[in-house]
Amino acid sequence: MRKILIPTDFSENAMNALRYAVELFKYERCDFFILHAYADEVYDHNTVVSREIFDELKEKVYKSSNMALEKVLSEIKNISPNPRHEYKLLSMFGSLTDEANDLVDKENMDILIMGTRGETNDRKLTFGSNTLQVLKYVKCPVLAIPSDCSYNSPKNILFPTNYQLPFKRRELKLFSTLTKSFRSIINFLYISNFDKLSIRQEDNKHFLKESLPNAELIFHQEIAEDLTHAINQFIERNEIDFLVMVNSRRSYLENLLDRSTIDKIGLHIRIPFLVMQNLQRY
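This one's a predicted model, so the numbers in the text were calculated from it and none came from an experiment.

A complete count under the given rule lists seven salt bridges for this structure. Across the pair R19 and E12 runs a salt bridge, and its minimum N-O distance is 2.4 Å. Judged by its relative accessible area of 48%, E12 is partly exposed. The network of salt bridges with shared partners includes R2, E28, D110 and R170.

The following block contains the structure:
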C-alpha cells in the first residue's frame, strides 16, 4: 500500500496537484493523506486581540478547514472514483513543513505531492514559499506540480547528477516502479570537463543501473559553464516531460532552493519536478 501526502490550501493549484497524483498512481493501491495546516490563518488574522478571541477563531478555522476538505474529497472522488484509493482528511494547527515532516515520520510516507505555487500564485516566482520550505526540509521524496501542468505519463525523464551523492534504495525503488509502469526513458545528465569518473562516481553510477533494471537508461555528458542553463537547454532540446534531482546537504539543489537564488538564475520549471531527498529520516 503506497502512502502519499497531499498538502492543500484549497487553491486550484493544490487541486491540480491532487488530480495529477491520483492519475500518476491510478494502478496502485494507495492511501492519500490530504492535509491542511492552518496555524498561519489564525495567527495572522487581524481580529486576534485576546486569547479568548484567538481560541474562538481557531475553532472556527478548524471547522471551516474540515468542510473544505470534505468538498475536496467529494470533487476528487467524482473525478477519479478509483477503488484502489483510500483518503484520509487532516486539519492540523501547525506550520505546513512541521506537520508534513511529522506525518512523514509517523506514517512512513512514500512521497509528498503538491503544487509549485499555492493560493497567491505569483507567476513571477518559480516556487511559492511553502513549496520551497517543503522541498528543502521534508524528509521524503517531493513531487512539485506546476499550476498549468495537466497530467501526461512521464515518458522522457531528465535526471541531472554528478554521481557524487549516494542514492537511497527506497527512493530509487519508488522511482523504478513509476518508470516501469510508464516505460519511461531516463536521461542521466552529467556536466563535467573530465571523461573519467572517480571510483565513488563509478560505484554510484553502477548502483543506479542496478536499482533501475527495467527502465531504458541513457547516460549523457556535456561540458557547460552553467549547470542551470544546461538543464534548461536539455529540457527544451529533448522534449523532457519530467525532472528528477536529489537534495542533500551542500548539494547543487540545496543551494538552489532559496527563493532569491532559484528565481535569479532562472531554473524555470514547467514540468513535474521530483526531488528525492538524501536527508536522514529520524
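Now that the structure has been shown, we can carry on.
Turning our attention to the nonpolar core. Note on soluble globular proteins: their nonpolar side chains tend to be buried together. Core analysis: the largest hydrophobic core is formed by 45 residues, its most contacted members being F25, I113, L143, F159 and F175. Examining the composition of this core, we find that seven residues originate from one element, helix α1 (residues 12–24), more than from any other. The next biggest cluster of nonpolar side chains, apart from the first, holds 31 residues, and it includes F33, L96, M109 and V138.

Another aspect to go through is the packing of helix α4 (residues 96–107) against helix α5 (residues 129–137). Where α4 contacts α5, the axes come no closer than 9 Å and their chain directions differ by 35°. Read as a crossing pair, α4 and α5 show a hand that is right-handed. In contact with L96, T97 and N101 of α4, α5 contributes N130, Q133, V134 and Y137. Among the residues making up the contact of α4 with α5, the classes are represented as three nonpolar, four polar and no charged.

Counted residue by residue, strand β2 (residues 30–37) has eight buried out of eight residues, so it is predominantly covered. Along β2, one buried face is formed by C30, F32, I34 and H36 and the opposite face, lined by D31, F33, L35 and A37, is buried too. As judged from the six bridges shared by strand β1 (residues 2–7) and β2, these two strands associate in the parallel manner. The partner of I6 across the bridge, within β2, is I34.

So, on to the packing of aromatic side chains. This structure, assessed with the given rule, holds twelve aromatic pairs. Considering the side-chain rings of Y163 and Y190, the 5.5 Å spacing of their centres and the 55° angle between planes classify their relative orientation as tilted. You can see Y163 sitting in the loop between β6 (156–160) and α6 (169–182) and its partner Y190 sitting in strand β7 (residues 185–191), a full 27 residues away along the chain. Each member of the pair, Y163 as well as Y190, carries the same accessibility label: buried. Between F188 and F219, the ring centres sit 5.1 Å apart and the planes meet at 10°, which makes this aromatic pair stacked. Of this pair, F188 sits in strand β7 while F219 sits in strand β8 (residues 216–222); the two residues are 31 residues apart in sequence, bridging distant segments of the chain. Judged by its relative accessible area of 0%, F188 falls in the buried class. On the basis of relative accessibility, which here comes to 28%, the residue F219 falls in the partly exposed class. In this structure an aromatic cluster arises from ring pairing among Y38, Y43, F54, Y62 and F93.

It is worth spelling out the confidence of the model for the protein chain at this point. In this model, the protein chain carries an average pLDDT of 86, and 87% of its residues clear a pLDDT of 70 or more. The low-confidence segment residues 259–266 (pLDDT under 50) makes 19 contacts with residues lying over four places distant or belonging to another chain.

So, how was this worked out
Residues numbered from 1 in each chain as written. Predicted model: local features only at pLDDT ≥ 70, side-chain atom pairs only at ≥ 80, totals over all residues. Heavy atoms only, no water. Salt bridge = Lys/Arg side-chain N within 4 Å of Asp/Glu carboxyl O. Buried < 20%, exposed > 50% of the residue type's maximum accessible area, 1.4 Å probe, protein only. Core = buried A, V, L, I, M, F, W, Y, C linked by side-chain atoms within 4.5 Å. Helix = DSSP H or I, 4+ residues; strand = E, 2+ residues; numbered from the N terminus. Axes fitted to C-alpha atoms, helices over the stretch in contact; angles between N-to-C directions. Left-handed = near helix turned anticlockwise from the far one by under 90°. Contact = heavy atoms within 4.5 Å. Nonpolar A, V, L, I, M, F, W, Y, C, P; charged D, E, K, R; others polar. Pairing = 2+ DSSP bridges. Phe/Tyr/Trp six-rings, centres within 6.5 Å; stacked < 30°, edge-to-face > 60°. pLDDT = per-residue confidence, 0-100.

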